[in-house]
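# Coordinates in review
Spelled out from the first residue to the last, the chains are:
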Amino acid sequence: MHWPPWWLILMWIVIVPLGVRMLVNPTKGWSRSRRDWAEDHPGDADSSGWLAQTELQALIGLLAVAVCTAAWLAH
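Here goes a summary of the coordinates provided. Just so you know, these numbers come straight off a predicted model, no measurement behind them. (Residues numbered from 1 in each chain as written. Predicted model: local features only at pLDDT ≥ 70, side-chain atom pairs only at ≥ 80, totals over all residues. Heavy atoms only, no water.)

### A few points about the packing of helix α1 (residues 6-24) against helix α3 (residues 48-74)
Viewed as axis vectors pointing N to C, α1 and α3 meet at an angle of 150°, and their least axial separation amounts to 9 Å. Relative to α3, the element α1 lies roughly antiparallel. Here α1 runs over α3; the crossing is left-handed. In contact with W7, L8, M11, W12, I15, V16, G19, V20, M22 and L23 of α1, α3 contributes T54, E55, Q57, A58, L59, G61, L62, A64, V65, C68, T69 and W72. A per-class count over the contact of α1 with α3 returns 16 nonpolar, 5 polar and 1 charged. (Axes fitted to C-alpha atoms, helices over the stretch in contact; angles between N-to-C directions. Helix = DSSP H or I, 4+ residues; strand = E, 2+ residues; numbered from the N terminus. Parallel < 35°, antiparallel > 145°, perpendicular 65-115°, else oblique. Left-handed = near helix turned anticlockwise from the far one by under 90°. Contact = heavy atoms within 4.5 Å. Nonpolar A, V, L, I, M, F, W, Y, C, P; charged D, E, K, R; others polar.)

So this is what it looks like as structure tokens:
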């Protein structure tokens, strides 16, 4: 078996730890800040929409890594 391509290694180094970190502690990562979210969504007082958006971004990132990894393994 050969080494994976450089971009897949980069995805594992960058996206996986960041995605896991965002799921564990949503205030960290590439998401917008809670303050910015509150300014744009004044009706979301408890920031549940912000938490849901942050978790969704993390899951999408992890899913992209999983799909790319599966495609490389199937190749």
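### Looking at the environment of A38
Residue placement: A38 occurs in helix α2 (residues 34-40). The class for A38 is partly exposed, based on a relative accessible area of 38%. Measuring from C-alpha to C-alpha, the distance between A38 and G49 comes to 9.6 Å, with 11 residues separating the pair along the chain. (Buried < 20%, exposed > 50% of the residue type's maximum accessible area, 1.4 Å probe, protein only.)

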